[in-house]
Every structure is written in C-alpha cells, then in structure tokens.
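# Structural features, examined
These are the residues of each chain, in order.
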Amino acid sequence: MTEQDLVAAPAGVPVLDLDPFSMALLDDPYPYHARLREAGPVVWMPKHGIYVTGRHEQVREVLNDHEAYISSAGVGLANFNKEPPFRPKSLILEADPPDHTRARTVLSRILSPRSVMLIRASFVLEADRLLDELLAAVQAGQVVDGIGQVAEAYPLKVFPDAVGLESQGRENLLLYGDMVFNAVGPRNELLARSAEKVQPVTAWIMAHCQRHMLQAGGFGDLIYQAADAGEISQDEAPMLVRSFLSAGVDTTVNGIGNALWCLASHPEAYAKLHADPGLARTAFEEALRFESAVQTFFRTTSRDVLLAGVPIPAGSKVLASLAAANRDERQWPDPERFDIERRPTGHMAFGSGIHGCVGQVVARLEGELILAALAKRFKRLELAGQPTRRLNNTLRALSSLPLRLTPA
Ligand code: HEM
C-alpha cells in the first residue's frame with residue numbers, strides 16, 4: 001500500500017469534503033455531526049485522508065476492538081509509525097496491551113471508586129467553600145464568570161491537591177491541557193498558537209512530575225510507590241504522573257463549564273436541579289452527553305478491517321467522533337433535548353473499552369459536587385451576556401460564561 005492509495009478516495013465509501021478541525025466547524029460542530037451520521041456509518045474525508053465515524057454503534061465498535069484499532073500509533077491525526085510524536089508517548093493513552101495493561105492496572109487502582117471515597121470529604125468541603133464565596137460575591141451584586149470562578153477554580157484546587165502538587169503555577173496545567181488536546185488535530189493555527197508556549201509549560205509540568213515535588217500520600221506519590229513495589233519502573237513513574245496532569249484538569253474544567261452553559265441555557269432543567277439537588281449526578285452526565293468536553297479521538301488500523309461493511313486498509317487513521325455518537329438518533333430518543341432526568345448510560349464522553357477514561361470516578365465526583373453545591377444556594381441561573389468560546393482541536397471549551405445567579 002502506497003501513501004497515495006491512502007489519500008485517494010477509496011471506492012464505495014461516502015466522501016464528506018469537510019475539515020472537522022476548521023474554526024467554523026469547531027465553533028458549531030452539530031450541523032457537521034448530523035451530516036456525518038447521515039452520510040453513512042463510515043465516511044472518507046479527503047482533506048486529511050481519514051476515515052470518520054459519528055454513529056454510536058461504530059464509534060463503540062472502534063473503541064472496543066483494541067486489536068484492530070490501535071492506540072500506539074497515536075490517538076490524534078498524526079501517525080506515529082510515520083512521524084515522531086510531539087512529546088514522548090503516553091505510557092497509557094498511546095499504548096497497546098501488554099504495555100497498556102501494566103500502566104492501566106496501577107492507575108486504575110489509584111483512581112478506583114474505593115480510593116476516591118477517601119478524597120470525597122475534602123472535595124465536598126472545597127465545593128462548599130467555593131460556592132459560599134460565590135454566594136457572598138453575588139450578594140454584593142457581582143455578575144459571575146462561570147468559567148473562571150467555578151469551572152476552572154474548583155478542579156484547579158481539588159485535583160492538583162489530590163495529586164499532591166504545590167499551589168504555585170497551577171495555571172500551567174490549563175496551558176498544557178490546551179496544547180495536548182490541540183495536538184490531537186492537524187498542524188493548524190490552534191496547535192501553532194499553543195505550541196508557542198510549549199517550552200516553559202512542558203518544563204514546569206515535567207519538573208512537577210518528579211517525586212520530590214509531590215506530597216506524600218497523594219495520587220502522584222502513589223504512582224512512585226507502585227514503582228518501589230516493582231509494578232512499573234522508576235523511569236515510568238514521572239510519565240504516569242504526567243498522564244494525570246495532562247488529562248485530569250482541562251477535561252473536568254470543560255465538563256463543568258459545559259454543564260453550567262447547558263443549565264444556564266435550559267432554565268427548566270436548572271429549576272428541576274434546584275428543586276432536587278440529588279439530580280446533580282445525572283445532570284452532569286447528561287451535560288457530558290449533550291456537550292461532550294472531549295469531542296474526538298483517533299485510532300490506527302493494525303490490519304485490513306471491515307467497519308459496518310466498509311473496507312478500511314491497514315495503517316489508516318480512523319476518527320471516532322464521541323460527540324456525534326452522543327447525539328446519534330439511532331441510539332438516543334430525542335437526542336437534541338437536554339434532559340437531566342435522562343440516564344444517558346452508554347454515552348461515549350469518557351470513551352469505551354480498555355482505554356475508557358481511568359479518571360471518570362474523580363471527574364463524576366467533581367461534577368456532581370459542584371452542581372449540587374450550586375443548586376442548593378441559587379434558585380436561578382441565567383446567562384448575563386454572551387459566552388466566549390475557546391476553540392481547541394479536541395475540547396469543547398468556553399473561555400468565559402457570564403452568569404446571573406439568584407440566591408435561594
Ligand atoms: C469530564 C472529564 C473527563 C473527560 C470527558 C475525559 C475523557 C476521556 C476519554 C474520552 C478518554 C478515552 C481516550 C481514548 O479512548 O483514547 C479518557 C482517557 C483517560 N483519561 Fe479521562 N476524561 C476526563 C477526566 C479525567 C480525569 C479527572 C483524569 C485523571 C484523574 C483522566 C485521566 C485519563 C487517562 C489517564 C486516560 C487514558 C486511559 C487509557 O488509555 O487507558 N481523565 N478520558
């Protein structure tokens with residue numbers, strides 16, 4: 001198979017001549033997602049020479065067949081079998097079994113529901129503290145920025161605390177996340193802009209992955225303890241701390257930010273949440289389905305495969321649109337409706353299969369606690385102005401969300 005064969009339109013596959021990473025489609029991806037699902041179970045996009053699927057059944061199949069659709073050649077557009085990765089590969093995200101299994105076993109144990117129970121009390125305390133501060137600001141007549149004052153403030157406090165990171169310089173985590181998720185896409189202006197900051201931010205991140213920078217007993221230290229026990233090597237430990245720092249902040253920031261945006265633009269949903277803050281968990285889950293914080297991931301075919309009867313040659317890049325799958329009318333009744341009483345079990349916002357998000361228990365905890373704390377204190381949550389979008393090749397993100405909050 002030559003390079004040309006991969007770029008030429010393959011016979012029998014619907015062609016969609018769009019760039020999913022163009023600024024217009026990133027700004028408003030939903031009409032494109034509808035076209036993608038409508039065009040077929042798998043389509044060919046000549047702009048990047050990739051196969052793309054946006055239907056729930058096929059996205060699920062791609063993510064669950066880790067032998068045919070591998071991650072070690074990168075989970076972005078770049079094929080690491082042909083070009084070097086922009087940073088040393090992740091030992092978990094960009095790995096296949098058996099290497100993946102070793103790293104995953106350690107991180108799954110550290111982030112298991114049982115160990116996350118131990119951090120719950122401190123996460124509750126911080127949610128209450130932050131929302132009490134917000135209530136005081138609102139009572140003093142302030143309009144609130146849902147992104148800066150809630151969606152960023154909370155995860156930037158609780159998650160690095162749990163990892164055992166010092167308080168100084170945590171804004172680097174957002175810059176790093178922005179860069180890592182831009183790198184999933186092509187070398188467009190978004191990637192170029194975040195790459196300008198790559199050197200100092202990467203240096204800060206890697207310095208904070210070292211053992212002496214991490215507090216004893218935190219998630220980071222637990223990774224080093226796994227290295228002491230011989231489960232992973234001492235060289236692998238900082239790389240796994242890096243995985244927490246890459247994937248654990250910008251994702252939850254945007255998960256929470258998008259949930260606030262969904263609730264502010266659906267007042268009837270917020271009224272239900274205020275009446276019953278016990279709905280906070282499903283409200284967060286529904287926001288992840290409706291406005292998926294992580295929109296896409298890629299795989300690379302390890303051999304010739306058939307996806308929904310469509311032949312895909314070995315070595316092809318396949319984009320799985322998690323966000324499109326999450327609004328697939330074949331899977332969800334009335335998918336365009338944001339309904340916090342829906343139980344969206346099986347959504348793809350955390351992925352699926354062996355790479356399904358290892359931090360989802362922590363992410364759900366943060367989402368649930370912050371939404372419940374909000375719902376208890378405020379009877380109304382309304383937009384006080386136009387939100388501003390922060391475009392990213394993979395993340396669905398806002399940079400500001402002006403909110404008018406009415407105390408209960
Ligand atoms: C709302 C918040 C979050 C979202 C939407 C999210 C989304 C995802 C998705 C879609 C994947 C699958 C990647 C793939 O299939 O290639 C993933 C994997 C991963 N996530 Fe999350 N994530 C979130 C929060 C977190 C947190 C809080 C952590 C850290 C504690 C974390 C750490 C990871 C890691 C290490 C992986 C790689 C797992 C593997 O390859 O086995 N994530 N996440």
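These remarks concern the structure in this document. Bear in mind the structure is a predicted one, so any value in this text is a computation, not a measurement.

As a further point, take the site of the ligand. Taken together, the neighbourhood of the ligand is formed by 28 residues, with Gly248, Gly255, Gly351, Cys357 and Gly359 sitting nearest. Listed by contribution, the elements that provide at least two residues to the shell around the ligand are helix 5 (99-110), helix 12 (236-247), helix 13 (250-264) and helix 17 (360-377). Here the shell around the ligand is built from residues that sort into 18 nonpolar, nine polar and one charged.

It is worth spelling out unusual backbone geometry at this point. Geometrically, the link from Pro97 to Pro98 is a cis peptide bond, its omega value of 5 degrees lying close to zero. With a phi angle near 50 degrees, Asp334 is a residue other than glycine that sits in the positive phi range. In this fold, Asp334 is placed in the loop between helix 16 (322-325) and helix 17. By C-beta crowding, Asp334 is classed as exposed, having 8 other C-beta atoms within 10 Å.

Where helix 14 (residues 267-275) is concerned, the buried positions are Ala269, Tyr270, Leu273 and His274. Looking down the long axis of helix 14, one finds its buried residues gathered within 140 degrees of arc, a one-sided arrangement. Facing away from the buried side of helix 14 by more than 90 degrees, the exposed set consists of Glu268 and Ala275. If you follow the buried residues of helix 14, they end up packed against helix 13, helix 15 (280-290), helix 17 and strand 9 (378-383).

Spatial strand order, 1-2-8-5-3: five strands in an open sheet with mixed pairing. Where the open sheet ends on each side, the last strands, each with one partner, are strand 1 (43-45) and strand 3 (69-70). Across two bridges, strand 3 lies against strand 5 (residues 296-301) in antiparallel orientation. Note on strand 5: the bridge partner recorded for Ile70 is Thr300. Here helix 4 (residues 56-64) sits on the sheet in contact with strand 2 (50-53), strand 3, strand 5 and strand 8 (317-321), set at roughly 125 degrees to strand 8.

To continue, consider the nonpolar core. Counting 121 residues, the largest nonpolar core has Ile223, Leu240, Leu273 and Leu371 as its most contacted members. Top element by residues in this core is helix 17. It accounts for ten residues. In contact with Ile223, not counting residues within four places along its chain, are Val106, Ile110, Ala237, Leu240 and Val241.

With that out of the way, let us pick up the pairing of strand 5. The two faces of a sheet get side chains in turn, since along a regular strand they alternate between them. Strand 5 sits mainly inside the fold: six of its six residues count as buried. Burial along strand 5 is two-sided: the face carrying Thr296, Phe298 and Thr300 and the face carrying Phe297, Arg299 and Thr301 are both buried. Note that strand 5 and strand 8 share five bridges and pair antiparallel. Within strand 8, the position partnered with Thr296 by the bridge is Ser321.

A separate point is the sheet that holds strand 4 (residues 144-145). Here we have three strands laid out as an open sheet, ordered 4-12-9, and antiparallel in their pairing. Lying at the two open borders of the sheet, with one neighbouring strand each, are strand 4 and strand 9. Relative to strand 12 (residues 402-407), strand 4 runs antiparallel, the two being bridged by two bridges. In the sheet register, Val144 faces strand 12, and the bridge partner there is Leu403.

A few words now on helix 6 (residues 113-139). Between its first and last C-alpha, helix 6 extends 37 Å over 27 residues, near the 39 Å set by a 1.5 Å rise per residue. Taken as a whole, helix 6 carries its principal kink of about 45 degrees at Ile119. Burial in helix 6 covers these residues: Phe123, Ala127, Leu130, Leu131 and Leu134. Lining the buried residues of helix 6 we find strand 4, helix 7 (146-163) and helix 17. Gly141, located one to two residues past helix 6, shows a positive phi value of around 95 degrees.

In this section: the environment of Ala195. In this fold, Ala195 is placed in helix 9 (residues 189-195). Between the C-alpha atom of Ala195 and that of Ile70, which follows or precedes it by 125 residues, the distance is 26 Å.

How each quantity is defined
- Residues numbered from 1 in each chain as written.
- Predicted model: local features only at pLDDT ≥ 70, side-chain atom pairs only at ≥ 80, totals over all residues.
- Near = placed C-beta within 6 Å.
- Helix = DSSP H or I, 4+ residues; strand = E, 2+ residues; numbered from the N terminus.
- Nonpolar A, V, L, I, M, F, W, Y, C, P; charged D, E, K, R; others polar.
- Buried ≥ 20, exposed ≤ 12 C-beta atoms within 10 Å, placed from the backbone.
- Arc of directions from axis to C-beta.
- Contact = placed C-beta atoms within 7 Å.
- Pairing = 2+ DSSP bridges.
- Axes fitted to C-alpha atoms, helices over the stretch in contact; angles between N-to-C directions.
- Core = buried A, V, L, I, M, F, W, Y, C linked by C-beta atoms within 7 Å.
- Expected span 1.5 Å × (residues − 1).
- Bend = angle between axes of the 7 residues up to and from the residue.

Honestly, it's all geometry; don't read function into it.
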